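Residue strings, one per chain:
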Amino acid sequence: MLFVLAAAQAATVTDLPPFLRGDVTIGYTFDRLQGSLVERGSSGDPDAEVGKRQVNDHSLHYGAAFGVAPGAAVFVDVQHTVYRSVEAQEWSKMVYDPSTESGTYVGTANEADETVARGAGLQGVWIGAEGTPFSQAFVKRHNRVTLLLQGAVRTPTEQSWFTVADPSTTGGLGMRGVGPGGVGLRIGGAASITQGRNEPYLSMVYEDNLPTTIDITADDGTLLWRNCEIDPANRFEAKVGTEVVLGSNEASGARSAFDVHLATGWTSFQDIPTGVELPAVLLPEAGLVQQSETLEMGGGLGLDLRFMKYLALNLHADARYHFPQRLESPYPVYTGPDTLHVMAGVDVQIRVR
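### Here we look at the overall build of the chain
Part 1 of the reasoning: Helices and strands together make up the secondary structure of the chain, namely 0 helices and 20 strands.
Part 2 of the reasoning: Whereas a compact globule of 353 residues would reach a radius of gyration of roughly 20 Å, the chain reaches 22 Å, a difference of no more than 12%.
Part 3 of the reasoning: Once the C-alpha set of the chain is aligned to its principal axes, its extents read approximately 75 × 40 × 30 Å.
Part 4 of the reasoning: In the chain, buried positions account for 48% of the 353 residues.
Part 5 of the reasoning: Taking contacts inside the chain between residues at least 6 apart in sequence as the whole, the part at least 24 apart equals 68%.
Part 6 of the reasoning: Averaging the locations of the 25 positively and 41 negatively charged side chains of the chain gives two centres separated by 13 Å.

### Notes on the side chain of Ser59
Part 1 of the reasoning: Looking at the secondary structure, you find Ser59 in strand S2 (residues 48-69).
Part 2 of the reasoning: Separated by 3.4 Å, the side chains of Ser59 and Thr81 make a polar contact.
Part 3 of the reasoning: Ignoring sequence-local partners within four residues, the contact set of Ser59 consists of Gly27, Tyr28, Thr29, Gln79, His80, Thr81 and Val82.

### Side note on the pattern of salt bridges
Part 1 of the reasoning: A full pass over the atoms with the stated rule returns 13 salt bridges.
Part 2 of the reasoning: The partner of Arg255 in a salt bridge is Glu199, with the nearest N and O atoms 3.0 Å apart. Pair noted here: Arg255 is in strand S14 (residues 254-267) and Glu199 is in strand S10 (residues 198-209), with a separation of 56 residues, a long-range link. Exposure class is identical for Arg255 and Glu199. Each is buried.

### Digging into the pairing of strand S3 (residues 72-89)
Part 1 of the reasoning: Alignment of S2 against S3, held across 17 bridges, turns out to be antiparallel. Bridging across to S3, Val55 finds its partner in Val86.
Part 2 of the reasoning: Hairpin connection of S2 to S3: 2 residues between the antiparallel strands, including Gly71 at a positive phi of 80°.

### Things to note about the environment of Ala218
Part 1 of the reasoning: When you line up the elements, Ala218 lands in the loop between strand S11 (212-217) and strand S12 (223-230).
Part 2 of the reasoning: Considered as a pair, Ala218 and Val164 are 54 residues apart in the sequence and their alpha carbons are 7.2 Å apart.
Part 3 of the reasoning: Once you skip the residues sitting within four places of it in the chain, Ala218 turns out to touch Val164 and Leu224.

### A few points about the side chain of Glu277
Part 1 of the reasoning: Within the secondary structure, Glu277 sits in the loop between strand S15 (270-273) and strand S16 (288-291).
Part 2 of the reasoning: Given the relative accessible area of 12%, Glu277 is considered buried.
Part 3 of the reasoning: Once you skip the residues sitting within four places of it in the chain, Glu277 turns out to touch Arg53, Val55, Val86, Trp161, Ile272, Gln291, Leu327 and Glu328.

### Considering the packing of aromatic side chains
Part 1 of the reasoning: Per the counting criterion, the structure on display carries 1 aromatic pair.
Part 2 of the reasoning: Relative to Phe323, the ring of Tyr321 has its centre 5.0 Å away and its plane inclined at 80°; by these criteria the two rings are edge-to-face.
Part 3 of the reasoning: When its relative accessible area of 32% is taken as the criterion, Phe323 is described as partly exposed.
Part 4 of the reasoning: The ring of Trp126 is capped by Arg186, whose NZ or CZ atom sits 4.2 Å from the centre of that ring.

### Quick look at unusual backbone geometry
Part 1 of the reasoning: One non-glycine residue, Glu90, adopts positive backbone phi at about 55°.
Part 2 of the reasoning: Tracing the backbone through its elements, the reader meets Glu90 in the loop between S3 and strand S4 (95-97).
Part 3 of the reasoning: Among the residues examined, Glu90 registers a relative accessible area of 48% and is labelled partly exposed.
Part 4 of the reasoning: Positioned with a positive phi, His142 is a non-glycine residue whose angle comes to about 60°.
Part 5 of the reasoning: Mapped onto the elements of the fold, His142 is located in the loop between strand S6 (114-134) and strand S7 (145-154).

### Describing the nonpolar core
Part 1 of the reasoning: Val86, Trp161, Phe162 and Ile214 are the most contacted members of the largest nonpolar core, which has 16 residues in total.
Part 2 of the reasoning: Sorting the residues of this core by element identifies S3, S6, S11 and S12 as the ones contributing at least two each.
Part 3 of the reasoning: Sequence-distant contacts of Phe162, that is, excluding residues within four places in its chain, are made with Arg176, Gly179, Pro180, Ile214, Ile230, Pro232, Gln270, Ile272 and Pro273.
Part 4 of the reasoning: Counting 9 residues, the second largest nonpolar core, distinct from the first, contains Leu37, Leu278, Val281 and Val333.

Cut-off values and rules
The residue count restarts for each chain, going from 1 along the sequence in the order it is written. The model is predicted, so local features are restricted to residues of pLDDT at least 70 and side-chain atom pairs to those at 80 or more, both for listing and for counting; the totals for chains, interfaces and linings are taken over all residues. The side-chain figures draw on all heavy atoms in the structure; neither hydrogens nor water molecules are used. We count a stretch as a helix when DSSP gives it H or I for four or more residues in a row; a strand needs E for two or more, and each element gets its number in order from the N terminus. Taken over C-alpha atoms, the radius of gyration is set against a globule rule of 2.2 Å times the number of residues to the power 0.38. Throughout, exposure labels follow a simple rule: accessible area from a 1.4 Å probe, protein chains only, divided by the maximum for the residue type, with under 20% read as buried, over 50% as exposed, and the rest as partly exposed. For this analysis, residues touch if any pair of their heavy atoms sits within 4.5 Å. Positive charge is attributed to Lys and Arg, negative charge to Asp and Glu, and no charge count is given to His or to the chain ends. A charged residue contributes its charge at one atom only: NZ of Lys, CZ of Arg, CG of Asp or CD of Glu. Here a polar contact is taken to be a pair of N or O atoms separated by no more than 3.5 Å, where protein atoms must pair a possible hydrogen donor with a possible acceptor and residues adjacent in sequence count only if both atoms sit in side chains. Throughout this description, the term salt bridge denotes a Lys or Arg side-chain nitrogen within 4 Å of a carboxyl oxygen of Asp or Glu. Any two strands with at least two DSSP-identified bridges between them are counted as paired. When the centres of two rings from Phe, Tyr and Trp lie within 6.5 Å, Trp using its six-membered ring, the rings pair. Their planes under 30 degrees apart give stacked, over 60 give edge-to-face, and anything left gives tilted. Each ring is checked for a lysine NZ or an arginine CZ that lies within 6 Å of its centre and within 35 degrees of its normal; such an atom marks a charge sitting over the ring. Only buried residues count toward a nonpolar core. Its members are Ala, Val, Leu, Ile, Met, Phe, Trp, Tyr and Cys residues joined through side-chain atoms within 4.5 Å.

Dropping the structure here:
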């Protein structure tokens, strides 16, 4: 979630709890990136599909916000990944290609489906503040637009998606942590306006994941490299859409609204350990590789149901096209043109009013 849900006279993305009131949010999201793996040909050779890949993520979300002043709140946001996996199907072993002096999947026998990497755990705790310098809730100011600004810091975690936990504590499964591992910084903003039953909005958020130092180990716990500085990807996301109010009851605080939006997401390059995103790389002990930046474009739908002023339910789903991305710099292997990113979830909000 980009913004903590709350309630007021504005679209959901610009809502805040009133002064000395708060909200608690619990949610679940299923996230899947799915498509083929394509190896780019050299010297006029055609591109070849060399496998299929799924990145699945099951996450629970815990959030709380408290109004510290009219139009201002502090919040805590925690994402707990129950299980994340990178799975490969219809793939083949990588072998050395003397013509390119690199690895290739082309021309080798197919292997059984494999889970390349798996992980679980907390991604860190976001602690931040948000406020609305302009808000339609400020009746005496006659503001026509609600503007929300947000800033937050994420605490580091000992384990990350790029580190393998001690096999003796995880049943020898090569379980990883989740998230970037280091300190994160987030700035965001959203604006909305009420036009009859329509509440158009625009939201943007940028997340900067700072470099961090890790020890790189194999899945069996063998130390490969010590004190390597990785640079996890930074992310930017923007949404433009509208909420259509289906019905409301001022006396009880009930409200129902349908959301439709377009979305785009950009992910920067990152320096990460080899073998996390690709199956059976040529040199699993090679250390760090670079993954290229990528862009996603799509849209989604949502349904916000506020049964009373104390309880709300939000259903949401997105689908985005994932543009081709080089997964590891030493190898000419990209996500295929059929790669899609889909997300769906539900959030329950308890509103202390």
